[in-house]
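Now for the letters of each chain:
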Amino acid sequence: MHRDRFYTLSASCPDQVGIIARVSGFIAEHGGWILESSFHADDLTGRYFMRIEIKADSLPFLLAEFRERFRRDVAEPLAMDWRINDSAVKKRVVVLVSKQEHCLYDLLARWQSKELDIEIPCVISNHDTFKGFVEWHGIPFIHVPVNADNKAAAYAEIQRIFDDVSGDTMVLARYMQILSPELCDALSGKIINIHHSFLPSFVGARPYHQAYQRGVKLIGATCHYVTSELDAGPIIEQDVIRIDHSDSPEDMVRYGKDIEKTVLARGLRYHLEDRVLVHGNKTVVFR
Ligand SMILES: Nc1nc2c(c(=O)[nH]1)N[C@@H](CN(C=O)c1ccc(C(=O)N[C@@H](CCC(=O)O)C(=O)O)cc1)CN2
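A. Highlighting helix 5 (residues 151-164). The terminal C-alpha atoms of helix 5, which comprises 14 residues, lie 20 Å apart, in line with the 20 Å expected from a rise of 1.5 Å per residue. Burial in helix 5 covers these residues: A154, Y155, I158, I161 and F162. Along the long axis of helix 5, the arc covered by the buried residues comes to 115°, so they all point the same way. Away from its buried face, by an angle of more than 90 degrees, helix 5 presents the exposed residues A152, A153 and D164. Against the buried residues of helix 5 lie strand 5 (93-97), strand 6 (123-125), strand 7 (141-143), strand 8 (169-172) and helix 6 (181-186). Of the residues flanking the end of helix 5, it is S166, one or two places downstream, whose phi is positive at about 55°.

So, in structure tokens, the structure goes:
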């Protein structure tokens, strides 16, 4: 992360000759100073992906004017999907948790140490287990019970809370309820989950026990965007750890917790730094 305030342009468009020239020419024409740039041409889909960081004070206008000029002069002519974000604006991350503590604890530690330079406006849970721990950090804790009879109302409440706190991103930190299609659609591209398996293996509940029954030699964790199809959203980050015949499901759960914490932290950082571009059910991640 740079010291200076910078804007991040993340974009994709139909591949063609001259994209980089058009984009870098526009930036140079206005005296823009490029700090980092990444590009990828996807041969299969014919789509071109880019991520460019520009020193904010190198441009002669503010972000709103930059967006307007870029839209008019570059994005529309190139039929781009694009966004430009300001590094000075802290992302607001709402965390959801159930009964497992490790990912919540890890995220709060990274937040408290400012390793993750974010706002956490609240933590939401379907249990009240972590109320004291979360409030000790000075973060509001909101208990939203979920049962077979109140799911629609519970998820509508969660969406209302997210909107009320002006949330940018929702993190499911081992939140063990399946979100409604309505909530997934309303917050498409904004909900990140840590699944405790190396997807697409062992979707759903109790993946370590599934892995034990299958006799695998590697277990892992997957950070992915949440969609209405369970554990099938675009993958952001994954990692694995070796196990063997002597390991019980409880051993796997213990090993897996370390992997889950690091995969979630990496995947969340990539998302927060606008390094992830989604296309279809896949991602380009400019790490
Ligand atoms: N719409 C989605 N919701 C959720 C996703 C997702 O990809 N799409 N990921 C899950 C997380 N998850 C595994 O990582 C998971 C959570 C819960 C279950 C499950 O079967 N839950 C039961 C209730 C379990 C309980 O009450 O303890 C259920 O909802 O009926 C499977 C996988 C988070 N949500």
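B. Molecular detail of the sheet that holds strand 8. Reading across from one edge, 7-6-5-8-9-10-11 is the order of the seven strands in this open sheet, with mixed pairing throughout. In this open sheet, the two strands that pair with only one neighbour each are strand 7 and strand 11 (235-242). Between one strand and the next, the sheet's axes are offset by a mean angle of 15°, whatever the strand orientation. Sheet topology note: the strand 5/strand 6 ladder contains three bridges and is parallel.

C. Expanded view of the nonpolar core. Counting residues in hydrophobic clusters, the biggest one holds 31 residues, and the most contacted among them are V95, L104, L107, I120, V123, V134 and L264. Taken together, the elements giving at least two residues each to this core come down to strand 5, helix 3 (102-112), strand 9 (191-195), strand 10 (218-225) and helix 8 (249-272). It is helix 8 that provides the largest number of residues to this core, a total of six residues. When sequence neighbours within four positions are dropped, the list of residues in contact with V134 reads L104, L108, V123, I139, P140 and F141. Ranked by size, the runner-up nonpolar core spans 23 residues in total, among them L9, A11, I52 and M80.

D. Up close: the packing of helix 3 against helix 8. Relative to each other, helix 3 and helix 8 sit at 45°, their axes nearing to 9 Å. With respect to helix 8, the axis of helix 3 lies oblique. The interaxial crossing formed by helix 3 with helix 8 has right-handed handedness. Between helix 3, through H102, C103, D106, L107 and R110, and helix 8, the contact on the second element is made entirely by K257, E260, K261, T262, L264, A265 and L268. For the contact of helix 3 with helix 8, the class distribution of residues is five nonpolar, two polar and five charged.

E. Region of interest: the packing of aromatic side chains. Per the stated rule, a full pass over the model turns up nine aromatic pairs. Put simply, the rings of Y7, F26, F61, F66, F70 and W82 touch in pairs and so form one group of aromatic residues. In this structure, K55 packs its charged tip against the face of W33, placed 4.4 Å from the ring centre.

F. The arrangement of the side chain of K55 in detail. You can see K55 is positioned in strand 3 (residues 47-55). The residues touching K55, leaving out its near neighbours within four places in the chain, are D4, R5, F6, W33 and L35.

G. Quick peek at the site of the ligand. Near the ligand lie 18 residues; those nearest to it are Q177, L179, H195, T227 and D231. In the environment of the ligand, an oxygen atom lies 3.5 Å from a nitrogen or oxygen atom belonging to the side chain of K151. Here D231 contributes a backbone N or O atom positioned 2.7 Å from an oxygen atom of the ligand. For the ligand, whose unbound accessible area comes to 710 Å², protein coverage reaches 77%. In terms of residue count, strand 9 provides more of the shell around the ligand than any other element does, three residues in total. The class makeup of the residues in the shell around the ligand is ten nonpolar, six polar and two charged.

H. View of helix 7 (residues 207-214). Among the residues of helix 7, P207, Y208 and A211 are the ones counted as buried. The arc that holds the buried residues of helix 7, viewed along the axis, is 100°, so those residues lie on one side. Turning to helix 7, the residues buried within the fold contact strand 9, strand 10 and helix 8. Within two residues after helix 7, G215 carries a phi angle of roughly 75°, on the positive side.

Reading the values: the criteria
- Residues numbered from 1 in each chain as written.
- Predicted model: local features only at pLDDT ≥ 70, side-chain atom pairs only at ≥ 80, totals over all residues.
- Heavy atoms only, no water.
- Helix = DSSP H or I, 4+ residues; strand = E, 2+ residues; numbered from the N terminus.
- Expected span 1.5 Å × (residues − 1).
- Buried < 20%, exposed > 50% of the residue type's maximum accessible area, 1.4 Å probe, protein only.
- Arc of directions from axis to C-beta.
- Contact = heavy atoms within 4.5 Å.
- Pairing = 2+ DSSP bridges.
- Axes fitted to C-alpha atoms, helices over the stretch in contact; angles between N-to-C directions.
- Core = buried A, V, L, I, M, F, W, Y, C linked by side-chain atoms within 4.5 Å.
- Parallel < 35°, antiparallel > 145°, perpendicular 65-115°, else oblique.
- Left-handed = near helix turned anticlockwise from the far one by under 90°.
- Nonpolar A, V, L, I, M, F, W, Y, C, P; charged D, E, K, R; others polar.
- Phe/Tyr/Trp six-rings, centres within 6.5 Å; stacked < 30°, edge-to-face > 60°.
- Lys NZ or Arg CZ within 6 Å of the ring centre and 35° of its normal.
- Near = heavy atom within 4 Å.
- Polar contact = N/O pair within 3.5 Å; in protein donor to acceptor, adjacent residues only side chain to side chain.
- Areas by Shrake-Rupley, 256 points an atom, 1.4 Å probe, with all protein chains shown as cover.

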